[in-house]
Structure formats: C-alpha cells, structure tokens
Amino acid sequence: MEFLTMTKLLAIVTGTSSGIGAALAKDLLSHGWTVVGIARRLISFDSDNYHHISLDLSDSKACATYFEGDFKEKYLTDDWSKIALINNAATLSPTGPLSEVSLVDLEKTFTLNIAFPAWFMGYIVSKSPAKTPLRIINISSGAATSAYPGWGSYCMSKAALRMAGQNLAIEVEEVEGLKGRDIKVLDYAPGVVDTPMQVQARSADEASFPRVQKFVDLHSNGQLVAPEAPAKEMRELLESAETEGFAIRRFGS
Ligand SMILES: NC(=O)c1ccc[n+]([C@@H]2O[C@H](COP(=O)([O-])OP(=O)(O)OC[C@H]3O[C@@H](n4cnc5c(N)ncnc54)[C@H](OP(=O)(O)O)[C@@H]3O)[C@@H](O)[C@H]2O)c1
C-alpha cells in the first residue's frame, strides 16, 4: 500500500462528483491530503492521491456489504497523522409537501442524508486506530433549524444529522472505550452555494416548493457563493487546532 503513505493526512469525503464535495476534494488534494471519495459518479482529479469508491449511499444493503470488505485494511491504517470524515453527499429530493411524498422515497433520502452518515461516523470511529486524531464534518444547512414547505425530507434529515454529530461527541466524552479519544465533530453550513443542488432548488415548481422565488432571486442577485470558498474554509478548519468536541459553524462566521 505504498501509494497510501505518500501523505499523512487522510480525508474520506462523500459526494465528491459534484459541487461542494468536488471542490473540497480538489482543495484537499492540492494541500497534501490523500482523499478517498465516495459517490455514484467519478470525476477526474488528476491526482494519484485520489481514490474513488462508486457506491449508492441511499442503498443501505449495498453500503453494508461494501464496508464489510477491506475498507479498514486499505484506508484506516495507522500511517496517518490525522483522519477526516466529511459527510457531504445529500439530496433535496423528494420535494413536495409531506402529504404527497412516498414512503419509499422518504426512506431512500433518510438513508442517504442521515442513516448512512450517522452510521459511517460510528464505523470510522470504531475502525480507525485509537491514537489517530479524527475530525468529522457533517455538512449542514439552514434547513437543519428552519422548516421549508416542500423540503420536509431535507429539513428533517439535516436536523437529525446535527443531533447525530452531537450524540457522537457526547459519547466520546462519556462512553468507556471512547473517552480520551481525540475526536471532534463540526456541524458546518456552507452558505448558499452555486452547485447543481441550487439549480434544482430554483427550478422547482411553486406547487411543490412555494419559496422557489427566493432561490431564483438569490441566483439572479449574484448572492451565491462559489463552492471553492466553503471548501477552503473547511480544509483550514480541518487543519486547525480545533478544541471543541462538538461545534456548529456557518460559512464565513
Ligand atoms: N448548495 C447549497 O446551497 C447548499 C446549502 C446548504 C447545504 N448544502 C449541502 O452541501 C452538500 C453538498 O451539496 P451540493 O450543493 O454540492 O450538491 P450537489 O452538487 O448536488 O452534489 C451532491 C453530491 O452528493 C452525491 N450523492 C447524491 N446522491 C448520492 C447517492 N445516492 N449516493 C452517493 N452519492 C450521492 C452526488 O454524487 P453522485 O450523484 O455522483 O452519486 C454529488 O457528488 C449537501 O449535504 C447539501 O445538503 C448545500
């Protein structure tokens, strides 16, 4: 596994094929990190330090099967001086009022947006070397604390993701076997970012998303942030001497 020892910083990033995840992977790679990216699609990063896993994170059975394999042996070795997990992959779908969404769609969204990221935090904690500092960023949103009509599944899952991070942090403080581990969790809202997810938000019809005009206006007024900006801020946070077990931050704050 010589290729994996070229850098000492490992970041596992979900959703590296688009938007914020792609910008973050690029930024990390250009600053000496090795990146393991997970998404259904693969884009090229032109770096030997990028390793891609093609996986549908809304398919819990496929994920369970994949992570029963050799992920730990391949990536979670004691070669790293720091391991980071960035739970970034998510979807806005299904949009529409709760009275109209299907149970199957809700279940898939909850698997991708909350069940997998929550489980993955625990998996990385349990499989990483106990001596290696672990930094976790869960990508949050204003939707974690504000209800948006038509975005129920997204809002609920982001609220739950925030609690999942808080829960992990309190477990690190109080559970025997985890106490004393250098594990920090950051719930990070990236701002309103110019990505395909924003295209989806402003392309919705008013019946399924009554606040669509707000997102049309944000775009036409040039108020969207480029994905490179939160990506840089996240990389700097990952490299900083963060002291809190659990913290909440918003881009630029
Ligand atoms: N854009 C914003 O304004 C904004 C604001 C607040 C929070 N956020 C959050 O930022 C994060 C990134 O969003 P973005 O705006 O960059 O969105 P995006 O451009 O749509 O990217 C979403 C990423 O998630 C991956 N993904 C989606 N479904 C997946 C699945 N079933 N399995 C595996 N990967 C999957 C996609 O990869 P594949 O399609 O290749 O699988 C893609 O790489 C999300 O957590 C989002 O909630 C975004």
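Residues numbered from 1 in each chain as written. Predicted model: local features only at pLDDT ≥ 70, side-chain atom pairs only at ≥ 80, totals over all residues. Heavy atoms only, no water.

A. The site of the ligand, seen in detail. Neighbouring the ligand are 30 residues; Ser17, Ser18, Asn88, Tyr154 and Thr195 lie closest to it. Within the side chain of lysine 158, a nitrogen or oxygen atom sits 2.8 Å from an oxygen atom of the ligand. At 2.8 Å from an oxygen atom of the ligand is found a side-chain nitrogen or oxygen belonging to glutamine 198. Alone, the ligand offers 880 Å² of accessible surface; in the complex the protein occludes 93% of this. For the shell around the ligand, the secondary-structure elements that each account for two or more residues are α1 (19-30), α5 (152-174) and α6 (196-203). Partitioned by chemical class, the residues of the shell around the ligand number 14 nonpolar, 12 polar and four charged. (Near = heavy atom within 4 Å. Polar contact = N/O pair within 3.5 Å; in protein donor to acceptor, adjacent residues only side chain to side chain. Areas by Shrake-Rupley, 256 points an atom, 1.4 Å probe, with all protein chains shown as cover. Helix = DSSP H or I, 4+ residues; strand = E, 2+ residues; numbered from the N terminus. Nonpolar A, V, L, I, M, F, W, Y, C, P; charged D, E, K, R; others polar.)

B. Highlighting the sheet that holds strand β1 (residues 9-14). Spatially, the seven strands line up as an open sheet ordered β3-β2-β1-β4-β5-β6-β7, and their pairing is parallel. Edge strands, defined here as strands with exactly one partner in the open sheet, are β3 (50-54) and β7 (246-250). Across the sheet, the mean angle from the axis of one strand to that of its neighbour is 15 degrees, orientation sign disregarded. Summarising the sheet, β1 and strand β2 (residues 33-39) pair through six bridges and their orientation is parallel. Within β2, the residue paired with threonine 14 across the bridge is isoleucine 38. (Pairing = 2+ DSSP bridges. Axes fitted to C-alpha atoms, helices over the stretch in contact; angles between N-to-C directions.)

C. Molecular detail of the packing of helix α4 (residues 103-127) against α5. Interaxial distance between α4 and α5 falls to 9 Å at its minimum, and their mutual angle equals 15 degrees. Comparing their axes, α5 and α4 come out roughly parallel. In this structure, the crossing between α4 and α5 has a hand that is right-handed. Residue-level contacts link Leu106, Thr109, Phe110, Asn113, Ile114, Pro117, Ala118, Met121 and Val125 of α4 to Ser153, Tyr154, Met156, Ser157, Ala160, Leu161, Ala164, Gly165 and Leu168 of α5. Residue composition of the contact of α4 with α5, grouped by class: 13 nonpolar, five polar and no charged. (Parallel < 35°, antiparallel > 145°, perpendicular 65-115°, else oblique. Left-handed = near helix turned anticlockwise from the far one by under 90°. Contact = heavy atoms within 4.5 Å.)

D. Highlighting the packing of aromatic side chains. Applying the stated criterion across every chain, the model contains 22 aromatic pairs. One aromatic cluster is present, built from ring pairs that chain together Tyr66, Phe67, Phe71, Tyr75, Phe116, Trp119, Phe120 and Tyr123. When the ring centre of tyrosine 148 is taken as reference, the NZ or CZ atom of arginine 211 above it lies at 5.4 Å. (Phe/Tyr/Trp six-rings, centres within 6.5 Å; stacked < 30°, edge-to-face > 60°. Lys NZ or Arg CZ within 6 Å of the ring centre and 35° of its normal.)

E. Quick peek at the pattern of salt bridges. Throughout the structure, instances matching the rule amount to seven salt bridges. The partner of glutamate 236 in a salt bridge is lysine 232, and the shortest N-O contact between them spans 2.9 Å. In this pair, glutamate 236 and lysine 232 are both assigned in helix α8 (residues 228-239), four residues apart and thus about one turn of the helix distant. Taking relative accessible area as the criterion, glutamate 236 reaches 37% and is therefore assigned partly exposed. Each of Asp27, Arg235 and Glu239 takes part in salt bridges that share partners, so that together they form one network. (Salt bridge = Lys/Arg side-chain N within 4 Å of Asp/Glu carboxyl O. Buried < 20%, exposed > 50% of the residue type's maximum accessible area, 1.4 Å probe, protein only.)

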